[in-house]
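Examination of the molecular architecture
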Amino acid sequence: MTIAFCCLMMEAILIFSPESSLLGSATRKTKAKFHWIFQVSAITCALGGFSAIFANKWLNGYPHFTSWHGLTGISTIVYICIQALGGVLQFYPHLAFGIKLVDLKKYHATSGTIAFSLAVATLVLGMFSSWFTSVVTGTAWYACAVCPGLLGFIVTRQVMNSILPHKK
């Protein structure tokens, strides 16, 4: 699930950045195509990870969604699936309940930032689990905790710079 959010989803969002190293000079249409490919891959990985964790807990008789990490995790999974539907609406704007495409893109970008921030919060909460704190200690734990925050900051900055009006 970390690969889904920290690698695939992160790159899917940053693909629209002018500083993106993957498709810097590509057209917006090409970037949008790669955005949804990365996002579908991220959602597939996230759902696969969720399914594996759910099955493991079910098979071993452990309770589900009893920690903050578990509760924010299921919230994140549900939210990104709804967010993906908002992205699909951009391909079919006539289904968007009268919302203009330009507004739909702003809502999708803003909602995506919230989704990514929720994923970052879930990741950080997972770092407080008994397993993680027993395996990763000291300075390494702090380094692991800072990285998702930096990713969240980078994504938020990029999205805000792209949707907020620029002053000349």
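Reading the values: rules and limits
- Residues numbered from 1 in each chain as written.
- Predicted model: local features only at pLDDT ≥ 70, side-chain atom pairs only at ≥ 80, totals over all residues.
- Heavy atoms only, no water.
- Helix = DSSP H or I, 4+ residues; strand = E, 2+ residues; numbered from the N terminus.
- Buried < 20%, exposed > 50% of the residue type's maximum accessible area, 1.4 Å probe, protein only.
- Areas by Shrake-Rupley, 256 points an atom, 1.4 Å probe, with all protein chains shown as cover.
- Phe/Tyr/Trp six-rings, centres within 6.5 Å; stacked < 30°, edge-to-face > 60°.
- Expected span 1.5 Å × (residues − 1).
- Contact = heavy atoms within 4.5 Å.
- Core = buried A, V, L, I, M, F, W, Y, C linked by side-chain atoms within 4.5 Å.
- Disulfide = S-S within 2.5 Å.
- Axes fitted to C-alpha atoms, helices over the stretch in contact; angles between N-to-C directions.
- Parallel < 35°, antiparallel > 145°, perpendicular 65-115°, else oblique.
- Left-handed = near helix turned anticlockwise from the far one by under 90°.
- Nonpolar A, V, L, I, M, F, W, Y, C, P; charged D, E, K, R; others polar.
- Patch = residues over 30% accessible without salt bridge, like charges linked within 9 Å, V, L, I, M, F, W, Y side chains within 5 Å.
- Salt bridge = Lys/Arg side-chain N within 4 Å of Asp/Glu carboxyl O.

So, about the overall build of the protein chain. Summing up its helical and strand segments, the protein chain has six helices and zero strands in all. The order of helices and strands in the protein chain, counted from the N terminus, is α-α-α-α-α-α. On the principal axes, the C-alpha backbone points of the protein chain span a range of 50 × 35 × 25 Å. A total of 168 residues make up the protein chain; the buried ones form 31% of that total. A total accessible area of about 10700 Å² is found for the protein chain, and carbon and sulfur atoms account for 71% of it.

This part is about the packing of aromatic side chains. The tally for this structure, following the rule as stated, stands at six aromatic pairs. An aromatic cluster of at least three residues, connected via ring pairs, comprises Phe50, Phe54 and Phe65.

It is worth spelling out helix α3 (residues 68-89) at this point. Taking 1.5 Å of rise per residue, 22 residues should cover 32 Å, and α3 covers 31 Å from first to last C-alpha, within 8% of that figure. All buried positions along α3 are accounted for by Gly70, Thr72, Gly73, Thr76, Ile77, Ile80, Gln83, Gly86 and Gly87. Its buried side turned inward, α3 meets α1 (2-14), α2 (28-59) and α4 (101-126).

Proteins that are soluble and globular tend to have nonpolar side chains buried together. Formed by 23 residues in total, the largest nonpolar core has its most connected members in Met9, Ile80 and Phe116. Elements that contribute at least two residues to this core include exactly α1, α2, α3, α4 and α6 (138-163). Element by element, the count of residues in this core is highest for α1, at eight residues. Sequence-distant contacts of Phe116, that is, excluding residues within four places in its chain, are made with Phe5, Met9, Met10, Ile13, Leu151, Gly152 and Val155.

With that out of the way, let us pick up the state of the cysteines. Considering all chains together, one arrives at zero disulfides under this definition. Free of any disulfide, Cys81 has its nearest neighbouring cysteine sulfur in Cys45, separated by 13 Å. Residue classification places Cys81 among the partly exposed positions, given a relative accessible area of 29%.

Bringing the packing of α1 against α2 into the picture now. Remark: α1 packs on α2, axes separated minimally by 8 Å, with the N-to-C direction vectors making an angle of 165°. Overall, the two elements α1 and α2 adopt an arrangement that is roughly antiparallel. Crossing handedness for the pair α1 and α2: left-handed. Note on element contacts: α2 touches α1 through His35, Phe38, Gln39, Ser41, Ala42, Cys45 and Ala46, opposite Ala4, Phe5, Leu8, Met9, Glu11, Ala12 and Ile13. Tallied by class, the residues present in the contact of α1 with α2 amount to 10 nonpolar, three polar and one charged.

Another point: α2. Look at α2: 46 Å from first C-alpha to last across 32 residues, which is about the 46 Å you get at 1.5 Å a residue. Among the residues making up α2, those that are buried are Lys31, His35, Phe38, Gln39, Ala42, Ile43, Ala46 and Gly49. As for α2, its buried residues are in contact with α1, α3 and α4. Of the residues one or two after α2, Gly61 is the one with positive phi, at around 70°.

The subject of this paragraph is a nonpolar patch on the surface. Taken together, the side chains of Phe34, Trp36, Ile37, Val40, Val88, Phe91, Tyr92 and Leu95 define a hydrophobic patch exposed on the protein surface, amounting to about 740 Å² of accessible area. When residues in the nonpolar patch are grouped by element, the largest group, four residues, is from α2. By secondary structure assignment, the location of Val88 is in helix α3. On the accessibility criterion, Val88 (41% relative accessible area) is partly exposed.

Read these as layout, nothing more, since geometry by itself doesn't imply function.
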